[in-house]
Amino acid sequence: MTLASGVREIFDDAQQLYDQAIERFDAGDVRDAAEKAWGATKRATDALILARTGREPETSRETSQELRNLIHADRSAESLRGRYYARQMHLHGDCFYSHRCDPVDDTLRVIRGTQDYIRDAERLAGL
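What this report covers is the structure whose coordinates are included nearby. Predicted model only: the values in this text are computed from it and were never measured.

## Let's talk about the overall build of the chain
A count of helices and strands for the chain gives five helices and zero strands. Moving toward the C terminus, one meets the helices and strands of the chain in the order α-α-α-α-α. Taking 14 Å as the expected radius of gyration for a compact globule of 127 residues, we find that the chain reaches 14 Å, a close match to that expectation. Evaluated residue by residue, the chain yields a buried proportion of 43% over its 127 residues. Residue pairs at least 24 apart in sequence account for 62% of intrachain contacts in the chain once pairs closer than 6 positions are excluded.

## Observations concerning the nonpolar core
One finds Phe-11, Ala-44, Leu-48, Leu-91, Ile-111 and Ile-118 to be the most contacted residues of the largest nonpolar core, which totals 36 residues. If you list the elements that add at least two residues to this core, you get helix H1 (3-26), helix H2 (30-53), helix H3 (60-73), helix H4 (78-97) and helix H5 (104-124). Residue contributions to this core peak at ten residues, all from H2. In this view, Ala-44 contacts Phe-11, Ala-14, Tyr-117, Ile-118 and Ala-121; residues no more than four positions away in its chain are not counted.

## Regarding the packing of aromatic side chains
All chains considered together, the criterion is met by three aromatic pairs. Ring geometry for Tyr-84 and Tyr-85: centres 4.9 Å apart, planes at 90°, overall edge-to-face. Ring-pair connections join several aromatic residues into one group, and the members of that group are Trp-38, Tyr-84 and Tyr-85.

## Things to note about the packing of H1 against H2
At their nearest, the axes of H1 and H2 sit 8 Å apart, and the two run at 165° to each other. Relative to H2, the element H1 lies roughly antiparallel. Considering how the two elements wind past one another, H1 and H2 form a crossing that is left-handed.

## Here's the deal with H1
The terminal C-alpha atoms of H1 lie 35 Å apart, and with 24 residues this matches the ideal 34 Å at 1.5 Å per residue to within 8%. At its buried positions, H1 is contacted by H2 and H5. In the stretch just after H1, Gly-28 is the one whose phi turns positive, near 95°.

## Remarks on the environment of Glu-62
Examined against the element boundaries, Glu-62 turns out to sit in helix H3. Remark: the alpha-carbon pair of Glu-62 and Asp-46, spanning 16 residues in sequence, is separated by 9.3 Å. The residues contacting Glu-62, other than those within four sequence positions of it, are Arg-55 and Pro-57. A distance of 2.5 Å separates polar atoms of two side chains, one belonging to Glu-62 and the other to Arg-55.

## Some words on unusual backbone geometry
With omega at -5°, the peptide bond leading from Asp-102 into Pro-103 counts as cis. Relative to the helices and strands, Pro-103 is located in the loop between H4 and H5. Backbone geometry at His-99 places phi at a positive 60°, although glycine is not the residue there. Residue His-99 is classed as exposed on the basis of its relative accessible area of 53%.

What counts, and where the lines are drawn
- Each residue is numbered by its place in its chain's sequence as written, counting from 1.
- Local features in this predicted model are restricted to residues whose pLDDT is 70 or higher, and side-chain atom pairs enter the listing and the counts only when it is 80 or higher, whereas totals over whole chains, interfaces and linings include all residues.
- Based on all heavy atoms of the structure, the side-chain values leave hydrogens and waters out of the count.
- In this text, helices come from DSSP runs of H or I with a minimum length of four residues, and strands from runs of E with a minimum of two, each type numbered from the N-terminal end.
- For a compact globule the rule gives 2.2 Å times the number of residues to the power 0.38, and the radius of gyration it is set against comes from C-alpha atoms.
- Buried residues are those whose accessible area, probed at 1.4 Å on protein chains only, stays under 20% of the maximum for their type, while exposed residues exceed 50% and partly exposed ones sit between those limits.
- Note on contacts: a residue pair is in contact if any heavy atoms of the two residues lie within 4.5 Å.
- Nonpolar cores are built from buried Ala, Val, Leu, Ile, Met, Phe, Trp, Tyr and Cys residues. Side-chain atoms within 4.5 Å join them into one set.
- By convention, a stacked pair of Phe, Tyr or Trp rings (six-membered ring in the case of Trp) has centres within 6.5 Å and planes under 30 degrees apart, an edge-to-face pair has planes over 60 apart, and any other such pair is tilted.
- Lines fitted to C-alpha atoms define the axes here, with helix axes fitted over just the stretch in contact, and angles between the N-to-C directions of these axes take values from 0 to 180 degrees.
- Roughly parallel means an angle under 35 degrees; roughly antiparallel means over 145; roughly perpendicular covers 65 to 115; every other angle is labelled oblique.
- Note: crossing handedness is left-handed where the near helix turns anticlockwise from the far helix by less than a right angle, and right-handed where it turns clockwise.
- Any helix carries an expected span of 1.5 Å times its number of residues minus one.
- As used in this structure description, the phrase polar contact means that two N or O atoms lie within 3.5 Å; if the pair is within protein, one of them must be able to donate a hydrogen and the other to accept it, and residues adjacent in sequence are counted only when both atoms belong to side chains.

Here it is as structure tokens:
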């Protein structure tokens, strides 16, 4: 597999997770939708990091560190920082793990915004 095809495969995975998040939300499972949107965010970030460094992070901790490194080296990625950490904290931590998803309309806004995050990560990856 080439680097480009690996990057594309991970972005496709991120998009599938996002699509599943919307399906789960529409089915009434806000917690699972939040976790899938977080997963989509992480995978899109992993793909960007792979595209820029040639190495895919293995853990969320590595993804977070590599995103910080990327932003330090290239300020054009700064727009991802707040959105990445907001999703990690709100979708993954508060909603999924702590069952604090209210107000639900705010959680849905963050879930839906994940589509823009994926697109921005793709653009920064040169796709």
